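Breakdown of the fold
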Amino acid sequence: MLGFCRGRRKFLAASLTLLFVPAVTWIYLFTGHFDDGKSVSLSPLDTQPHSPRYAASSQRESLEVRVREVEEENRVLRKQLSLVQGRSSSHRHGNRSKTYSMEEGTGDSESLRAGIVAGNSSECGQQPVVEKCETIHVAIVCAGYNASRDVVTLVKSVLFHRRNPLHFHLIADSIAKQILATLFETWMVPAVRVDFYDADELKSEVSWIPNKHYSGIYGLMKLVLTKTLPASLERVIVLDTDITFATDIAELWAVFHKFKGQQVLGLVENQSDWYLGNLWKNHRPWPALGRGYNTGVILLLLDKLRKMKWEQMWRLTAERELMSMLSTSLADQDIFNAVIKQNPFLVHQLPCFWNVQLSDHTRSEQCYRDVSDLKVIHWNSPKKLRVKNKHVEFFRNLYLTFLEYDGNLLRRELFGCPSESDVNSENLQKQLSELDEDDLCYEFRRERFTVHRTHLYFLHYEYEPAADDTDVTLVAQLSMDRLQMLEAICKHWEGPISLALYLSDAEAQQFLRYAQGSEVLLNRRNVGYHIVYKEGQFYPVNLLRNVAMKHVSTPYMFLSDIDFLPMYGLYESLRKSVVQLDMSNTKKALIIPAFETLRYRLSFPKSKAELLSMLDMGTLFTFRYHVWTKGHAPTNFAKWRTATTPYRVEWEADFEPYVVVRRNCPEYDRRFVGFGWNKVAHIMELDAQEYEFTVLPNAYMIHMPHAPSFDITKFRSNKQYRICLKTLKEEFQQDMSRRYGFTALKYLTAENNS
């Protein structure tokens, strides 16, 4: 490593020597030509196709300014060289820096920076500017279901590279807050704090501005961050949701130390021709300085902005420009640029690699020559991953890497940094420490306390509550191997559905593509898909059910399984039964009799009479009649065949019917994972709480055949699995006795007799 650093320092010294050529500079200045007669420019800006052609006197003035800039750069580089030598000496004495070394090139010296600094960060020749445990503040405006998904990918890319504590400030609507609050709470990433600010309360601040941008009113909310964020917060990095980081965000945070004078905004130049006004005939953009600036990545010096009365500044500018422009086309970006046009001194221009813009008609290819040049990728087009760029496949793959990356791997500690006490984390550690690791059922017991990262409402969800308070939501859980059941269930059940899906990050993206490609699922907005991310050895079946139950918004729930198809019209039938059986004033569990077929292709019975005929012909059977009769025997199928009115049945050992209950019913017990006793325990608790079991005479559901699950295979083949399940059953019954006293004794008696 020392040899590498010495080589870097020699290169730096050589680069500095090349810059100290004032004689050559003045030859350029006064002649403006090489021998071949071609004009010479020291500024890369003059090579751009939109740059104006100056007269000879104007060229001389600009070159004089450029010479002074080069001399200033030389001074800075000399200082860097002295720091290199000083730090080299300290390294030889075994000293280690306790701060990050961050590099940042100026817009006119990017080629020199690329030669001196290879890669996205370096330990050689850099000014230490970001403390190891310094908290980096990031603000993001996020609203709705789709933006919430985008934020997760952005956060993953930041967490992947970061080595500093992070504090996210999320300006979110009620939907995004519910989704992201649950996500971060269950993600439990160390040294990450999240605060929410109500976007709906901020609407009045910007709703007076007509906006044509697809981001809508939320695309204007970055303008009010000085008012929204805490007065004690001095600086913040502001990001759009369609950003992907390819480097440590601390490098960008370090750029704040480069701000000078009245600079309060760090921005990258716009890489499209939008503000040049030449994209089409009569194109009339808002005023901007040259190409203008893109606001997908902003460094905000909040304390200075407040002192400058930023709020008043942007409002006056917007009011003035709207008199002629009538509306914004690019939301906050138009107003930021109009303010900068009047006050250019506000901007510290960031090198373009801090916001490589991948929209159509951009010059983004000029921001990078190598992978190591990339720092921030911005999918700033409504078409997102379908933009035109000759390297779009590379960028798409980089984005997909984070999209499908296992977020559980990002729960890593920042060693050496004090962390704020997290009550949930402390409780979890306490519970886990109390478990006996030598216990043969340790993994079963541990699963009960595992916190699974959860992304609620993964897809768009709409539900209008029924006026008569009779609405019923179908509740189920599934993994990737049962995905094919979704379309069929949606065809059989037109009411709201709440589903918990147990998936990996990669599988969640497969599900997204499947759902977006299905006409049936696309047309159903009243299905809530809640992703519970995979972790641990077991399928957490009862946790999944609890997640799906918790996010039911109707008064009643139909607790089903994903491999059952309800009869056609069951939704409306159940709503009528809710009224007829006075469910709102009584504690009832309505039983839907369960049947099964062994045929993969079944002509689904359209009536009870047709179902009875299929039973008689052997096309259908009562559910688990061959292998687990006790599970549904108390339903009394013989009585059901001729019943025309609901009838009551009593609880019996191992009873596990599918029921309709009120939303406030008990949760499923999480100690039961995988196969065995997960529903039995829940029905037992319903009985302990004195629910009345009532069988509906004209309702039915049919189990569709499928390959055995991995968990049932383990149950059948693994003796220890069965021993642990028996142990957990006994412990559950003991807990029932403690909670419900004398009434729970019958469960022990029934179990012994069964």
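Anyway, here's the lowdown on the structure attached to this text. If you're wondering where the values come from, they're calculated on a predicted model, not measured in any experiment.

**Describing the overall build of the protein chain**
Each helix and strand counted, the protein chain has 26 helices and 25 strands in total. Looking at the protein chain residue by residue over its 754 residues, the buried ones come to 54%. Put simply, 80% of the contacts in the protein chain that link residues at least 6 apart link residues at least 24 apart.

**Here's the deal with the nonpolar core**
In this structure, Leu499, Phe511 and Phe558 are the most contacted members of the largest nonpolar core, which totals 113 residues. Within the second largest apolar cluster, 100 residues are counted, among which are Ile140, Leu166, Ile171 and Val194.

**Topic: helix α11 (residues 310-325)**
The end-to-end C-alpha separation of α11 is 21 Å, in line with the 22 Å expected for 16 residues at 1.5 Å each. As for α11, its buried residues are in contact with α7 (199-206), α8 (225-228), α10 (302-307) and α12 (332-342). Among the residues trailing α11, Leu326 stands out with phi positive, at a value near 70 degrees.

**Here we look at the sheet that holds strand β9 (residues 293-301)**
Overall, mixed pairing links the 7 strands, which are arranged β5-β4-β3-β6-β9-β8-β10 in an open sheet. Two strands bound the open sheet, and with one partner strand each, they are β5 (192-198) and β10 (347-350). In this sheet, neighbouring strand axes are inclined to one another by 25 degrees on average, regardless of whether the strands run parallel or antiparallel. As defined by bridge partners, strand β4 (residues 166-172) adjoins β5 across 7 bridges and the pair is classed as parallel.

**Section: the environment of Asp561**
By secondary structure assignment, the location of Asp561 is in the loop between β17 (556-559) and β18 (564-566). Of the residues examined, Asp561 reaches a relative accessible area of 8% and is grouped as buried. It is 8.1 Å that separates the C-alpha atoms of Asp561 and Leu478, two residues lying 83 residues apart in sequence. Residues within four places of Asp561 in sequence aside, it is in contact with Ala476, Gln477, Arg545, Tyr658 and Lys679.

**Things to note about the packing of α11 against α12**
Interaxial distance between α11 and α12 falls to 9 Å at its minimum, and their mutual angle equals 100 degrees. As judged from the angle between their axes, α11 and α12 are roughly perpendicular. When α11 is examined against α12, the residues Trp310, Met313, Trp314, Thr317, Ala318, Arg320 and Glu321 are found in contact with a partner set consisting of Ile335, Phe336, Ala338, Val339 and Gln342. Across the contact of α11 with α12, the residue classes break down as 8 nonpolar, 2 polar and 2 charged.

**A closer look at the packing of helix α23 (residues 678-688) against helix α25 (residues 719-740)**
Relative orientation of the contacting elements α23 and α25 amounts to 15 degrees, with a least axis distance of 12 Å. It follows from the interaxial angle that α23 and α25 lie roughly parallel. Taken as a pair, α23 and α25 cross one another with a handedness that is right-handed. Contacts from Ala681, Met684, Glu685 and Ala688 of α23 reach α25 at Phe732, Gln733, Met736, Arg739 and Tyr740. Tallied by class, residues from the contact of α23 with α25 come to 6 nonpolar, 1 polar and 2 charged.

**Overview of unusual backbone geometry**
Phi is positive for Asp469, which is not a glycine, with a value near 55 degrees. Given the relative accessible area of 52%, Asp469 is considered exposed. For Asp582, which is not glycine, the phi torsion reads 50 degrees and is therefore positive. Along the polypeptide, Asp582 turns up in the loop between α20 (570-580) and β19 (588-592).

**Looking at a nonpolar patch on the surface**
Together, Phe742, Leu745 and Leu748 line one region of the surface with nonpolar side chains, adding up to about 310 Å² of accessible area. Position of Leu745 relative to the elements: it lies in helix α26 (residues 745-753). For Leu745, a relative accessible area of 40% corresponds to the partly exposed category.

Definitions and limits used
Residues numbered from 1 in each chain as written. Predicted model: local features only at pLDDT ≥ 70, side-chain atom pairs only at ≥ 80, totals over all residues. Heavy atoms only, no water. Helix = DSSP H or I, 4+ residues; strand = E, 2+ residues; numbered from the N terminus. Buried < 20%, exposed > 50% of the residue type's maximum accessible area, 1.4 Å probe, protein only. Contact = heavy atoms within 4.5 Å. Core = buried A, V, L, I, M, F, W, Y, C linked by side-chain atoms within 4.5 Å. Expected span 1.5 Å × (residues − 1). Pairing = 2+ DSSP bridges. Axes fitted to C-alpha atoms, helices over the stretch in contact; angles between N-to-C directions. Parallel < 35°, antiparallel > 145°, perpendicular 65-115°, else oblique. Nonpolar A, V, L, I, M, F, W, Y, C, P; charged D, E, K, R; others polar. Left-handed = near helix turned anticlockwise from the far one by under 90°. Patch = residues over 30% accessible without salt bridge, like charges linked within 9 Å, V, L, I, M, F, W, Y side chains within 5 Å. Areas by Shrake-Rupley, 256 points an atom, 1.4 Å probe, with all protein chains shown as cover. Salt bridge = Lys/Arg side-chain N within 4 Å of Asp/Glu carboxyl O.

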